[in-house]
There are 2 protein chains.
Amino acid sequence: MIRALILGYGFLGKALVKRLLNRPIKELTIVGIANSKGYLYKRDGLQLEKIKESLEDNEGFERGLATELLTKEYIDLLIELTPTNISTGEPGITHIKTALKGEIDVVTANKGPVLLALNELKRIADEKNVVFKYEGTVGGGIPIFSLVNKCLQGDDIISIRGILNGTTNYILTRMHFEGLTFELALREAIMLGIAERNPTLDVEGIDTAVKILILANSIMNLNRNLSDVKIIGVTKVTPEAISTAKENGMTIKLIGSIEDGELSVEPRLIRLNHPLCVHGTLNAINIKSNVLKTLTLIGEGAGESTVASLLNDIYDVIKERHIKIKF
Amino acid sequence: MIRALILGYGFLGKALVKRLLNRPIKELTIVGIANSKGYLYKRDGLQLEKIKESLEDNEGFERGLATELLTKEYIDLLIELTPTNISTGEPGITHIKTALKGEIDVVTANKGPVLLALNELKRIADEKNVVFKYEGTVGGGIPIFSLVNKCLQGDDIISIRGILNGTTNYILTRMHFEGLTFELALREAIMLGIAERNPTLDVEGIDTAVKILILANSIMNLNRNLSDVKIIGVTKVTPEAISTAKENGMTIKLIGSIEDGELSVEPRLIRLNHPLCVHGTLNAINIKSNVLKTLTLIGEGAGESTVASLLNDIYDVIKERHIKIKF
């Protein structure tokens, strides 16, 4: 039995708990759930059906740091889902390091630590012979890392291009199909809850750049940082530019790319019937490789679908532990 | 070291040998290559760079049945690439059964045996504790079986829809963009070598039905056969029908589907900006599932890209043997 701690109880943590409640994984027990204020912990496993929406409202809620649990209690797996901070990576980096050093497997959807400390975290995981998985950091539920690792063995990845931000894709889609201005489309996206109230990271292309970096460093071992990415957001895309593209069977999409070792994020012209040209909040990732030549994956890049990535990573942890136990 | 026999030396066998020549797999030695007339065999491994295009022209070519090699010599892996026969499954079924019964792992791109004998072959493989992989049978290089098995763990597949035949997709694409009739587009496809001279299996939807069946039986454990699939080909699709669709932002594509336990292949209306709506010889597969909701994969469904599927299956065999040896 794998004893897991969920650290971070926001949208994704709650969605994961809901799924585990409806469809338990027999090899997995959630022994703790923590947020920034404290934690719920029960050695024999929490009763998920009884947990209240607001963690602090639960009987037995302890104020304190979740890292205490990681060092003091017997935990096998940390599911790290605290909010992303792309400047410091904290508190995620500290959580993940503490876990890995304590020989605890880690599954995360937190982009900060993977962006800022991937090599170090991988090194610690290797040294301690534990699993460190982060499928949910890029493309939501689209299993891009698993796919490259487990389904394209023997092939060589040459380039990656993608629409990796649902908010900007929604905005550009509305501009294309309805002729809206950027400002109007953004306002609509905020009203619908698709864009955050402060949409800077999305519309300036930073979120896409972060994902492109994670792909570049993780899949192509490029060891780059944010300053290596040429970044142009979508704020200056005009309805006129899109309209001209449209007349030529094209549109404008915010494309993140890793081509010839160069990383960039910018609005680009793309043919409407190109596989990468998806609309609404969809994400799409295109891989070029030596043998397969080209493969495109399309799916929802955020929201509840990200739980699929967490589950797949958790099953990888279970399999890995199973192999270890067999030896 | 894994000692492999390639059985079937047509387009795909040659493409695989070419790739292995350019980029050898260090854990793999090709000890034999066979066709319907006989075989080349060398206990220490064949020198791939010296093998002539026509197998019979090679020094040391022995007339005889490749199954003799499988039973008499020490072989670890059969790579079965003989031509597909969807009526009998032969000679593929005999080859694969002989191998599995002899505790030899099998990788194949031959649709016949998987269509007609999947359960039996899986049962033998389980009994003998060997690997039986057939990624190349559906969608060319698109790693659909690997993806479902290894990247969507913990999710439940609800439905599958796809454009699974490049020839008919090319024909429908030309009808859509150029206004060609079916007959003209087919003639063009034959001239370009995209369609076979006898295109019946493709244009009547049989090839798509075979692939839908393999997906249904393999991924969704439905245990159906060809007579359970409602099949309508593309021969009656008119330029007028496509033109009307086009006026409404749609087109007509040959869609194979597994929905609510029903299997069908038929020309269907599809929105031009739907992720599944790909053009030319591209294939596309859309999966609906409980957690991820929707994922679409797009790639070349035939030709050399299928080598990617063979390689991935071969690496799975290597990994599996590696785990066994460790015990």
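Here, every reference points to the structure presented above.
Calculation notes
- Residues numbered from 1 in each chain as written.
- Chains lettered and ligands numbered in written order.
- Predicted model: local features only at pLDDT ≥ 70, side-chain atom pairs only at ≥ 80, totals over all residues.
- Heavy atoms only, no water.
- Least-squares fit on C-alpha atoms with pLDDT ≥ 70 in both.
- Contact = heavy atoms within 4.5 Å.
- Pairing = 2+ DSSP bridges.
- Helix = DSSP H or I, 4+ residues; strand = E, 2+ residues; numbered from the N terminus.
- Phe/Tyr/Trp six-rings, centres within 6.5 Å; stacked < 30°, edge-to-face > 60°.
- Buried < 20%, exposed > 50% of the residue type's maximum accessible area, 1.4 Å probe, protein only.
- Salt bridge = Lys/Arg side-chain N within 4 Å of Asp/Glu carboxyl O.

Enquirer: So, the relation of the copies chain A and chain B: which residues are in play, and what are the values?
Expert: Between chain A and chain B, which share one sequence, the superposing operator has a rotation angle of 180° and an axial displacement of 0.0 Å; the RMSD is 0.0 Å. Viewed as a symmetry operation, the transformation between the two copies matches a two-fold axis. Ranked by how close their C-alpha atoms come to the rotation axis, the residues of chain A are headed by Leu297(A), at 2.4 Å. Residue by residue, 100% of the interface of chain A is reproduced at the interface of chain B, so both copies engage with the same surface.

Enquirer: Lay out the pairing of strand 3 (residues 38-41) of chain A with the relevant residues and their values.
Expert: Residue and element names in this part refer to chain A. The pairing of strand 2 (residues 28-34) with strand 3 spans three bridges and is antiparallel. Along strand 3, the bridge assignment pairs Gly32 with Tyr41. In sequence, strand 2 turns back onto strand 3 through a hairpin of three residues. Sheet analysis places strand 3 next to strand 4 (residues 62-63), joined by two bridges and oriented antiparallel. Bridging from a neighbouring strand, Gly38 pairs with Arg63 of strand 4.

Enquirer: Lay out the packing of aromatic side chains in plain terms, naming residues and giving numbers.
Expert: Applying the stated criterion across every chain yields a total of four aromatic pairs over all chains. Measuring from ring centre to ring centre gives 5.1 Å for Tyr134(A) and Phe145(A), while their planes differ by 70°; the resulting arrangement is edge-to-face. Of the two residues, Tyr134(A) sits in the loop between strand 7 (132-133) and helix 5 (144-151) while Phe145(A) sits in helix 5, which places them 11 residues apart along the sequence. Ring geometry for Phe132(B) against Tyr134(B): centres 5.3 Å apart, planes inclined by 50°, an arrangement best described as tilted. With respect to burial, Phe132(B) and Tyr134(B) carry one shared label: buried.

Enquirer: Provide a residue-level description of the sheet that holds strand 7 (residues 132-133) of chain B, including the pertinent values.
Expert: All names here are of chain B. Ordered by their spatial adjacency, seven strands build an open sheet running 4-3-2-1-5-6-7, and the pairing between neighbours is mixed. Strands with a single pairing partner mark the edges of an open sheet, and in this sheet they are strand 4 (62-63) and strand 7. Pairing of strand 1 (residues 2-7) with strand 2 (residues 28-34) involves six bridges; the strand directions are parallel. Bridge assignment links Ile2 to a residue of strand 2, and that residue is Leu28.

Enquirer: Tell me about the sheet that holds strand 2 of chain A, and name the residues and values.
Expert: Strand order in the open sheet formed by seven strands is 4-3-2-1-5-6-7 (chain A), and the pairing between neighbours is mixed. In this open sheet, the two edge strands, each paired with only one partner strand, are strand 4 and strand 7 of chain A.

Enquirer: Can you lay out unusual backbone geometry for me, pointing to particular residues and giving the numbers?
Expert: Geometrically, the link from Glu90(A) to Pro91(A) is a cis peptide bond, its omega value of 5° lying close to zero. One can find Pro91(A) in the loop between strand 5 (77-80) and helix 3 (92-101). You will see that Asn221(B), though not glycine, has its phi angle at about 50°, which is positive. Assignment of secondary structure puts Asn221(B) in the loop between helix 9 (206-219) and strand 9 (229-231).

Enquirer: Could you give an account of the pattern of salt bridges, with specific residues and numbers?
Expert: Inspection of every chain in the model, using the stated rule, returns 38 salt bridges over all chains. One salt bridge in this structure joins Lys211(A) and Asp207(A), with 2.7 Å as the shortest N-O distance. Here the residue Lys211(A) and the residue Asp207(A) both occupy positions in helix 9 (residues 206-219), the gap between them amounting to four residues, near one helical turn. One exposure class covers both Lys211(A) and Asp207(A), and it is buried. A salt bridge links Arg123(B) to Glu127(B); its shortest N-O distance comes to 2.9 Å. Of this pair, Arg123(B) and Glu127(B) both sit in helix 4 (residues 111-128), four residues apart, roughly one helical turn. In this structure Arg123(B) comes out as partly exposed when scored by relative accessible area, which is 44%. Take Glu127(B): its relative accessible area is 55%, and that puts it in the exposed class.

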